[in-house]
Amino acid sequence: MLKRDLLARIVSDPERMKRVKGLYNAVYVHRRWAAGATYACVALLSYGAAYLFRFEFRVPDDHWILLVQTAPILLVIRLATNAAFRLSSERWRFISTPEVIRLVTATTVGTGIFFLVSRFLPFESLVPRSVILIEWVLTTYLTSAIWITYRTVYESARRLTNGNGKGRRGAIVVGAGEVGNLLARELARSPSGLRVLGFVDDDPLKWGSTVQGFEVIGSTEDLGEIAVALRADEIIVAIPSLEPQELRRILSRCAATGLQFRILPGIVEVMQGDVHLS
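Residues numbered from 1 in each chain as written. Predicted model: local features only at pLDDT ≥ 70, side-chain atom pairs only at ≥ 80, totals over all residues. Heavy atoms only, no water.

## Re the pairing of strand β6 (residues 260-263)
- As paired strands, strand β5 (residues 234-237) and β6 are joined by 4 bridges and run parallel to one another. Bridge pairing in β6 links Val237 to Ile263.
- Between the parallel pair β5 and β6, the chain is carried across by helix α9 (residues 244-256), and the sense of this crossover is right-handed. (Pairing = 2+ DSSP bridges. Helix = DSSP H or I, 4+ residues; strand = E, 2+ residues; numbered from the N terminus. Right-handed = clockwise from strand over helix to strand, strands pointing away.)

## A closer look at unusual backbone geometry
- Backbone geometry places Arg86, a non-glycine residue, at a positive phi of 60°.
- Residue placement: Arg86 occurs in the loop between α4 (61-84) and α5 (97-118).
- Phi is positive for Arg231, close to 55°, though the residue is something other than glycine.
- Counting through the fold element by element, Arg231 comes out in the loop between α8 (223-230) and β5.

## Concerning the pattern of salt bridges
- Evaluated as defined, the whole model comprises 7 salt bridges.
- Where Asp202 meets Arg249, a salt bridge forms, and the shortest distance between an N and an O atom there is 2.8 Å. Highlighted residues: Asp202 in the loop between β2 (194-200) and β3 (210-211) and Arg249 in helix α9, separated in sequence by 47 residues.
- Note that Glu221 is salt-bridged to Arg253, the shortest N-O span being 3.8 Å. Residue Glu221 is located in the loop between β4 (214-218) and α8, and its partner Arg253 is located in helix α9; the two are separated by 32 residues in the primary sequence.
- Take Glu221: its relative accessible area is 61%, and that puts it in the exposed class.
- Connected through shared salt-bridge partners, Arg169, Glu234 and Arg262 make up one network. (Salt bridge = Lys/Arg side-chain N within 4 Å of Asp/Glu carboxyl O. Buried < 20%, exposed > 50% of the residue type's maximum accessible area, 1.4 Å probe, protein only.)

## A few points about a nonpolar patch on the surface
- Among the surface-exposed residues, Val109, Ile113 and Val117 lie close enough to one another that they form a single nonpolar patch of about 180 Å² accessible area.
- As for its placement among the helices and strands, Val109 is situated in helix α5. (Patch = residues over 30% accessible without salt bridge, like charges linked within 9 Å, V, L, I, M, F, W, Y side chains within 5 Å. Areas by Shrake-Rupley, 256 points an atom, 1.4 Å probe, with all protein chains shown as cover.)

## As for the packing of aromatic side chains
- Scanning all chains against the criterion turns up 7 aromatic pairs.
- Measuring from centroid to centroid gives 6.2 Å for Tyr51 and Phe55, while their planes differ by 15°, and the two rings are stacked.
- Residue classification places Tyr51 among the buried residues on the basis of a relative accessible area of 0%.
- Ring geometry for Phe53 against Phe57: centres 5.8 Å apart, planes inclined by 75°, an arrangement best described as edge-to-face. (Phe/Tyr/Trp six-rings, centres within 6.5 Å; stacked < 30°, edge-to-face > 60°.)

## Some points on the packing of α4 against α5
- For the pair α4 and α5, interaxial distance at closest approach is 9 Å and the crossing angle is 145°. The crossing of α4 and α5 is right-handed. Contacts between α4 and α5 pair Thr70, Ile73, Leu74, Ile77, Arg78, Thr81 and Asn82 from the former with Ala106, Thr107, Val109, Gly110, Thr111, Ile113, Phe114 and Val117 from the latter.
- Grouping the constituent residues of the contact of α4 with α5 by class yields 8 nonpolar, 6 polar and 1 charged. (Axes fitted to C-alpha atoms, helices over the stretch in contact; angles between N-to-C directions. Left-handed = near helix turned anticlockwise from the far one by under 90°. Contact = heavy atoms within 4.5 Å. Nonpolar A, V, L, I, M, F, W, Y, C, P; charged D, E, K, R; others polar.)

## A few points about helix α3 (residues 31-54)
- Taking 1.5 Å of rise per residue, the 24 residues of α3 would be expected to cover 34 Å, and the 34 Å separating its terminal C-alpha atoms lies within 8% of that figure.
- Residues of α3 that are buried: Ala35, Tyr39, Ala40, Val42, Ala43, Ser46, Tyr47, Gly48, Ala49, Ala50 and Tyr51.
- Directly after α3, the chain includes Glu56, whose backbone phi takes a positive value near 50°. (Expected span 1.5 Å × (residues − 1).)

## Side note on the sheet that holds β5
- Strands sit in the order β3-β4-β2-β1-β5-β6 across an open sheet of 6 strands; the sheet is mixed. Each having just a single partner strand, β3 and β6 make up the two edges of the open sheet.
- For strand β1 (residues 169-174) and β5, the ladder comprises 4 bridges, and the chain directions are parallel. Bridge assignment links Val174 to a residue of β5, and that residue is Val237.
- The strands touched by α9 are β1, β5 and β6; relative to β6, the strand with the most contacts, the crossing angle is about 155°.

## Observations regarding α5
- For α5, which comprises 22 residues, the first-to-last C-alpha distance of 31 Å matches the rise-based estimate of 32 Å (1.5 Å per residue) to within 8%.
- Of all the positions in α5, only Glu99, Leu103, Ala106, Thr107, Gly110, Thr111, Phe114 and Ser118 are classed as buried. Angular distribution of buried residues about the axis of α5 spans 130°; they occupy a single face of the element. Turned more than 90 degrees off the buried face of α5, the exposed positions are Thr97, Ile101 and Leu116. (Arc of directions from axis to C-beta.)

This is the structure in structure tokens:
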């Protein structure tokens, strides 16, 4: 709530918003350097925290020295593996499962390299294996947390900039699958003139769940009652893989509500040019 209130104050103040956009654009131009600096800070912070956790915040003097000696080596390895797996080129607002898998792979490879290198360093002590393991976990989780935080703040700011749905037509989405999920996300982020009120789906296992924060309220049989209860303006059918007979059944229920309704085509159909006015 505090974060949302802060964002709302920034968005509502033209001068603040101008300064924030100027800072964002300045960082965005040098985003790869900014990403590299962020990853470097995460690696060093995680490494130091790993020693503190390993020795219960009572790190021996010789291990403090070892930490200082080995931190630059770890830093170089982390930045090199991140660059090799192209983590520095990611746009954090589009982060999804493949990028997280790549992050885990990059940190795992980096940890393996650092473990092997640390065994051959000419120092009096060896870096404890538990420290290396803890650093790997912290680096992975902290980097993921930064990505998620950035994306959440960015999308929240976009929603507030677009009026958070105020003054836009309310729509019920039929289909709580992948297409419906993508549609709800895009409508929340863009000034489309539409806002999602809720979902309906004929799969009872989805009832009561949420998609992008919107509840799957019931089935298409209850579409008329749901439309009245939510004061919907229109209906969007987001199930492009429907068989013709099933599609006709759902469209007849949409028509019975008296509301305007649309059918969202599949991405493959759009790319193949198979979408027509009919």
